[in-house]
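Chain by chain, the residues run as shown.
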Amino acid sequence: MGAWQSYRLRLQRKRWLIRAFRKRRELRCVADRTDRIRPSDLIVFCTARNEGVRLPWFLKFYRNMGVNHFVMVDNDSTDGSLDYLARQDDVSVWHTRGSYKRSRFGMDWINWLLRKYGDGHWVLVVDPDELFLYPFCDTRPLRALTDWLDASSIKSFSAMLLDMYPKGRLDAQPYKAGQDPLEIASWFDAGNYSVKRNARFGNLWIQGGPRARVFFPDQPERAPALNKVPLVKWDRRYTYVSSTHMLLPRGLNLVYDEWGGEKASGLLLHTKFLDTFNAKAEEELARKQHYAGSTEYIAYADGIRDNPDLWCKWSEKYINWRQLEILGLMSKGNWA
Amino acid sequence: MSVGIIMLVHTAFDRAEQVARHWANAGCPVVIHVDEKVSKKTFSAFSQALSDLPQVLFSRRHRCDWGTWGLVAASQDAAELMLESFIDVRHVYLTSGSCLPLRPVEELIDYLDARPHTDFIESATTADVPWTVGGLDHERFTLYFPFSWRQNRYLFDRLVEVQRWLHVTRRIPKGVVPHMGSQWWCLTRHTLSSILTSPQRRRHERYFKRVWIPDESYFQSLARLHSRNIESRSLTLSKFDFQGKPHIFYDDHLQLLRRSDCFVARKIWRHAGCLYQAFLNHPESAANRQEPNPGKIDRIFAKAVDRRTRGRAGLYMQSRFPNFGWENGMTAARYSVFQGFAELFQDFEPWLSRATGAQVHGHIFAPERAEFAGGQRVLNGALSDNAALRDWNHKAFLTNLIWNTRGARQCFQFGPHDSPHVMWDMARDPNAQISVISGAWAVPLFRSGGDFAALRAEAAALQKAEHQLLDQLRSPEAKARIRIWTMAEFIEAPMEPLQMIIDEIGQKEPRRFAEAPIIQDLTGFGRFLQNLKNQGMHPYLMGDFPVEPAPRPSASPAHKPYLVKN
């Protein structure tokens, strides 16, 4: 990479930081408990809209993992999730009526909060329907991973999005608050992922899974990206570029090995496909607040009408992280 | 007589205190060195916490950075203090704050009592071991290293280059043969005091202060001068990864550590409560097992390093995306590609499946869809047969297919109709076995008997496409197992090449096949080719076919099928 391109990326990084600074005014603090954040704390950053039914499990899941604090942005929910979040001891929550789309799908808000509260911490940036999984997560807390990453001088950790879905119609099994969504959405596609390299930002571009298979068979280039880097030892100069798919400076995107080896990586189990999905898709379609003119949701709406079953004969049923590591979806790397 | 413990501590003071207490309660004197970088407040709190134990002393503090002399100076001072203060100490064991004793301390004492003159220190000459990280083995003893490898890598590397260029060679002190090894040793009073009181000590220090990573070589080299009996191994179980950083032990390693029978392990994660609980409160006696046996742990960590450096062949994923040439196997397993066989033989696919037991697909790169075995629309790993998805990343489709079906040999058909780009990837893949009967695409044309003008155009297009495929297969970069026959050549003696291919697939016991595939009726094929020629389209890929062929065994369906007798 030449000096010129390097400089342009630097400008771009500055631009996102300035934009985040401007967008901070859209945020109104509802519960500020950030004074309880200790220097070594692990923090989850998250934007949510009408995800009230998922929040109890979401918080429980990450608390069990050893996360100490949650920094949440509530994008004008109407289901009471703001009150629910404000009542939690370890949650700081901001409210905004701002446009999700015009804040670059929440990233401007999150970039600002990351800059303000994430500096020097290991931060995990996830959506309410994403459950983070890493090697040995059943026996070692998240801090074991971050300590190991620190000791290995690794600053960012990859976790591909793995779409989970139920067997049968999406609305066949209703999801109740506090329930483990993996009890319902327990199936996934094990081996139909396409990996390409993005020369500009140095990240991998991964597509595939049930969404490509069912909703985008005819326009695979538009299938959603699945590569994510949600766990980062944050520095105030860093910024996410597009969702958590890629970061600047671009060295943080080098979460893969190019010389034949495997780096350690995890997964984000994406439990979007529950009975709540149809309503969500319709609402998002009406709001048109999603990426690329909500093509994803347009494709869903069509796909859902035709055939609401994402399950196929070769779907795998989720057991544990070891299964996913054997299948080659994640890796222990040299962590043993 | 007992063993004295030196602990080098710089962090996790709560754990260090626990371990120091454990040693002291078992009757071992302990000398603790605390890194000078640690704040006064933390230090005094730590020493205060251990002040109730008279046999725990603190030695003079040095600044300890990775691979610097400070670590050696700290060990020297602590060892001197130990030897002076505790007269009955016979062995001195150097440990760190993140070490954990795995067996009861009495067992260590007994073990050392049984070997009163043995020094346990890993110590090998650089010429004989490939341990070094960073490419410096002997040179670490003959060059100067004023810059830190960790903080100033650029200057470090440049200075090494300059010194190499200038042929700088430091003189190694007379009598010293540089050795290196694990820094966690257990030396006898005799050896240690010989090193520390040697008249040469200043000279040796002056030399080793400028050596790279002296903590791995100072005692290791000098012990060779003074020891009466060296056991070149460390009593501390300590494994290193490919970057030279120690592997860390967690709660889930409990059983592994128990079964290792090692005396001390490092490095323990400071929050591994179960390990500290288990080994400090209820250390299990190893009963009849005496010698440390870290074999199983070795294997696990060796595998981890291998995964990090070589990875799983044929896997492309979020954290493994090798550059071209670094795949260590482009695909996960061997597979076979057949071009022209399904066209020439009737029911070739079922026959091949019976003969080899492999999974036989149709044209998986066909323009309409991937023709998976048995007409399946989705294959292992939820791989879709959709052509657009496949062609969006055909290489990923191929590598996914082979990865998903590991354990079952894959065979598939290919031809000039199919999306051609993937052939280049297959040709360079040593796992591919590619067999081509060139020109066999003409058989379906010949048999279709459609409009001749259309046939002619199609034949021309197919011939051109196949010609390009063959060019790729004949490239010097091609690494696959490639065999190409012209069709004329092949039907002269079809069974021999077939047998060869099947044997190479080697799924079943090598034997002659009981049934042979039936060649399509080719009566009139020569005339068909001649007609193409007459139209100005010269088919050359199938070899020379006579216009009116001499009678062939397989020429007519009325004959009995050609069989090879066993």
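Being a predicted model, the structure only gives us computed values, none of them experimental. (Residues numbered from 1 in each chain as written. Chains lettered and ligands numbered in written order. Predicted model: local features only at pLDDT ≥ 70, side-chain atom pairs only at ≥ 80, totals over all residues.)

Undergrad: Tell me what's going on with the overall build of chain B, and back it up with residues and numbers.
TA: Of the regular secondary structure elements, chain B holds 21 helices and 21 strands. Taken against the 2.2 N^0.38 rule, which gives 24 Å for 566 residues, the C-alpha radius of gyration of chain B at 36 Å runs more than 25% over that of a compact globule. Taken over the C-alpha atoms alone, chain B extends approximately 105 × 55 × 45 Å along its principal axes. A buried classification covers 44% of the 566 residues belonging to chain B. Relative to all contacts within chain B whose residues are 6 or more apart in sequence, the contacts with residues 24 or more apart total 77%. (Helix = DSSP H or I, 4+ residues; strand = E, 2+ residues; numbered from the N terminus. Rg over C-alpha atoms; globule rule 2.2 N^0.38 Å. Buried ≥ 20, exposed ≤ 12 C-beta atoms within 10 Å, placed from the backbone. Contact = placed C-beta atoms within 7 Å.)

Undergrad: Tell me about the interface of chain B and chain A, and name the residues and values.
TA: Contacts between the two partners involve 48 residues from chain B, matched on the other side by 51 residues from chain A. The set of elements that each furnish at least two residues to the side of chain B that touches chain A consists of α11 (295-309), β16 (378-379), β17 (383-384), α14 (387-392) and α15 (394-404) of chain B. Here the side of chain B that touches chain A is built from residues that sort into 23 nonpolar, 15 polar and ten charged. (Nonpolar A, V, L, I, M, F, W, Y, C, P; charged D, E, K, R; others polar.)

Undergrad: How would you summarise the domain arrangement of chain B if you had to cite specific residues and measurements?
TA: You can read the domains of chain B as domain 1 (2-114 + 235-309) and domain 2 (335-534). Relative to domain 2 of chain B, the C-alpha centre of domain 1 of chain B lies at a distance of 63 Å. (Domains from an automatic or database assignment.)

Undergrad: So what's going on with the sheet that holds strand β20 (residues 481-486) of chain B? Residues and values would help.
TA: Strand pairs in the sheet, formed through backbone hydrogen bonds, run parallel or antiparallel to each other. Residue and element names in this part refer to chain B. Across the sheet, five strands lie side by side as β15-β18-β13-β19-β20; this open sheet has parallel pairing. For this open sheet the edge positions go to β15 (359-363) and β20, each flanked by a neighbour on one side alone. Between one strand and the next, the sheet's axes are offset by a mean angle of 15°, whatever the strand orientation. Direction of pairing for strand β19 (residues 432-438) relative to β20: parallel, over a ladder of six bridges. In the strand pairing of β20, S438 is matched with T486. (Pairing = 2+ DSSP bridges. Axes fitted to C-alpha atoms, helices over the stretch in contact; angles between N-to-C directions.)

Undergrad: Residue-level account of unusual backbone geometry, with values.
TA: Residue P249(A) is reached from L248(A) by a cis peptide bond, and omega for that bond is 0°. Tracing the chain through its elements places P249(A) in the loop between β14 (246-248) and β15 (266-270). Omega for the peptide link from R266(B) to K267(B) comes to 10°, which places this bond in the cis form. Here K267(B) shows up in the loop between β12 (264-265) and α10 (273-281). The phi torsion at F105(A) lies on the positive side, around 55°, for a residue other than glycine. Its place among the elements puts F105(A) in the loop between β4 (91-96) and α4 (107-118). Take F105(A): there are 17 C-beta atoms within 10 Å of it, and that puts it in the partly exposed class. Even without being glycine, S243(A) reaches a positive phi, approximately 45°. Residue position: S243(A) is located in the loop between β13 (239-242) and β14.

Undergrad: With reference to specific residues and values, describe the sheet that holds β15(A).
TA: All names here are of chain A. Pairing in this open sheet of three strands is mixed, and the strands run β6-β15-β8 from one edge to the other. Looking along the sheet, the strands with just one partner apiece sit at the ends: β6 (130-133) and β8 (159-163). The sheet shows a mean angle of 25° between the axes of neighbouring strands, taken without regard to direction. Bridge count for β8 against β15 is five bridges, and the pairing is parallel. Its bridge partner being in β15, M160 is matched across the sheet by L267.

Undergrad: Before we move on, can you summarise the packing of helix α6 (residues 189-197) of chain B against helix α8 (residues 218-226) of chain B with the specific residues and values?
TA: Residue and element names in this part refer to chain B. Two elements in contact, α6 and α8, have axes whose closest approach is 9 Å; the angle formed by their N-to-C orientations is 105°. Comparing the axis directions of α6 and α8 gives the class roughly perpendicular. On the side of α6, the interface is formed by T191, S194 and I195, while α8 contributes F219, L222, A223 and H226. Looking at side-chain class alone, the contact of α6 with α8 contains four nonpolar, three polar and no charged residues. (Parallel < 35°, antiparallel > 145°, perpendicular 65-115°, else oblique.)

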